[in-house]
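This is what each chain is made of:
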Amino acid sequence: MEVIVNVIKQIDLEGFRCLSNFNMLKKRRDDIIHAIRNSNHRWKMDDGKTVYRLNVLFIGQTGTGKSTTINCLTESDYMQTDDVACCTKEMNSVDFELSDDCKLCFCDMPGIGENVVSDTQYHEWYKDMYMHSDCVVYMLRVDKRDYSLDLEEFKKLRNPSEKKLIIGLNCVDKTPPINRSYNFSLSHEQKKILDRKLKDVSNLFGVPQCNIIPFSAAENYNIVQLQQIISETLLINLRVSF
């Protein structure tokens, strides 16, 4: 099943250079371009032009903050967000130009968990885009207890021999006891509970804790660590040293 990519915004090379995050990728830009031109990252566009897409894919249940996280990482508001209604019904992408024909793409997939019909379609999209991505961020919420649907989807997608799937554990600001300080930081009590949560998620999904990044997109908390592991995962799968 072919996924239609809806490019929300294309940002030129200067825009990529101006990102305050992703310094690791900016330093290795020439090596990245060389690597993706010599791989299976080729995409044929509607106008017949061939481009090379380095995809960072965000998947998971609806309401986990995929769109908000991409906005946070790209320092933008390109992705539509809503605190109540589900916004993403197709694959949306924010593309940063690395060269005339090479793009770094942050891809926002529709969330599973709305209904069986949509989930069946979205699973096929997930499978297709998973194969065409070098970093896949599976999004979870820290304030959720039942991960059964996520675990089922995760197991369908994951190939243990690959090193491109990481877990983004969003909404750490919701870790009890709720901390409403103006400049958010985790309290001592929250840190203890979050440590237990990380161990539980690691055991449940079979993922090392180093590949589970706790953060808060709403509070812009620990975003630097998230972008760092995304950068490292991309470079590892491209076989580019860092």
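What counts as what
- Residues numbered from 1 in each chain as written.
- Predicted model: local features only at pLDDT ≥ 70, side-chain atom pairs only at ≥ 80, totals over all residues.
- Heavy atoms only, no water.
- Helix = DSSP H or I, 4+ residues; strand = E, 2+ residues; numbered from the N terminus.
- Rg over C-alpha atoms; globule rule 2.2 N^0.38 Å.
- Buried < 20%, exposed > 50% of the residue type's maximum accessible area, 1.4 Å probe, protein only.
- Contact = heavy atoms within 4.5 Å.
- Core = buried A, V, L, I, M, F, W, Y, C linked by side-chain atoms within 4.5 Å.
- Phe/Tyr/Trp six-rings, centres within 6.5 Å; stacked < 30°, edge-to-face > 60°.
- Lys NZ or Arg CZ within 6 Å of the ring centre and 35° of its normal.
- Axes fitted to C-alpha atoms, helices over the stretch in contact; angles between N-to-C directions.
- Parallel < 35°, antiparallel > 145°, perpendicular 65-115°, else oblique.
- Left-handed = near helix turned anticlockwise from the far one by under 90°.
- Nonpolar A, V, L, I, M, F, W, Y, C, P; charged D, E, K, R; others polar.
- Expected span 1.5 Å × (residues − 1).
- Pairing = 2+ DSSP bridges.
- Polar contact = N/O pair within 3.5 Å; in protein donor to acceptor, adjacent residues only side chain to side chain.

Draft legend 1. Expanded view of the overall build of the chain. Each helix and strand in the chain was counted, giving 8 helices and 8 strands. Taken against the 2.2 N^0.38 rule, which gives 18 Å for 242 residues, the C-alpha radius of gyration of the chain at 17 Å falls within 12% of a compact globule. Its C-alpha atoms give the chain principal-axis dimensions of roughly 55 × 40 × 35 Å. Relative to its 242 residues, the chain shows a buried fraction of 51%. Considering only contacts within the chain whose residues lie at least 6 apart along the sequence, 67% involve residues at least 24 apart.

Draft legend 2. Inspection of the nonpolar core at higher detail. One finds Val56, Phe58, Leu104 and Ile230 to be the most contacted residues of the largest nonpolar core, which totals 39 residues. Secondary structure elements with two or more residues in this core: helix H1 (13–17), helix H3 (29–37), strand E3 (50–60), helix H4 (66–73), strand E4 (91–97), strand E5 (102–108), strand E6 (135–141) and helix H8 (223–238). With 7 residues, the top contributor of residues to this core is H8. Formed by 35 residues, the second largest nonpolar core is a distinct cluster that contains Ile59, Cys107, Tyr122 and Phe205.

Draft legend 3. Region of interest: the packing of aromatic side chains. Going through the model one piece at a time under the given rule, you end up with 7 aromatic pairs. Look at Tyr122 and Trp125: their rings are 5.5 Å apart centre to centre, the planes differ by 45°, and that puts the pair in the tilted class. One end of the pair is Tyr122 and the other is Trp125, both in helix H5 (residues 116–131) and 3 residues apart, which spans about a single turn. Here Tyr122 and Trp125 have matching classes, each one buried. Here the aromatic cluster, defined as three or more aromatic residues joined through ring pairs, consists of Tyr138, Tyr147, Phe154 and Phe205. The lysine or arginine in question, Arg53, covers the ring of Trp43, its NZ or CZ lying 5.2 Å from the ring centre. Above the ring of Tyr130, the side-chain terminus of Lys164 is found at 4.4 Å from the ring centroid.

Draft legend 4. Geometry of the packing of H5 against helix H6 (residues 148–157). Put simply, H5 and H6 touch, their axes get as near as 10 Å, and they point 40° apart. The orientation of H5 with respect to H6, classified from their angle, is oblique. Where H5 crosses over H6, the two elements pack in a sense that is right-handed. Facing Asp119, His123, Tyr126, Lys127 and Tyr130 of H5, the residues of H6 in contact are Leu149, Glu153, Lys156 and Leu157. Grouping the constituent residues of the contact of H5 with H6 by class yields 4 nonpolar, 1 polar and 4 charged.

Draft legend 5. Structural view of H5. Compared with the 22 Å implied by 1.5 Å per residue over 16 residues, the 23 Å span of H5 between its first and last C-alpha is a close match. Listed in full, the buried residues belonging to H5 are Ser118, Asp119, Tyr122, His123, Trp125, Tyr126, Asp128, Met129 and Tyr130.

Draft legend 6. How the structure looks around H4. Extensive coverage of H4 is indicated by the burial of 7 of its 8 residues. Within H4, the full set of buried residues consists of Lys66, Ser67, Thr69, Ile70, Asn71, Cys72 and Leu73. Immediately downstream of H4, the backbone of Glu75 shows phi near 55°, a positive value.

Draft legend 7. Looking closely at the pairing of E4. Most of E4 is tucked away, with 6 of its 7 residues classed as buried. Examined bridge by bridge, strand E1 (residues 5–11) and E4 share 6 bridges and lie parallel to one another. Within E4, the position partnered with Val7 by the bridge is Ser93. Following E4, the chain reverses through 4 residues before pairing antiparallel with E5.

Draft legend 8. Broad picture of the side chain of Ser99. Along the polypeptide, Ser99 turns up in the loop between E4 and E5. Overall, Ser99 belongs to the buried group, its relative accessible area being 12%. Among the polar contacts listed, one links the side chain of Ser99 to the side chain of Arg37, at a separation of 3.4 Å. When sequence neighbours within four positions are dropped, the list of residues in contact with Ser99 reads Ile33 and Arg37.

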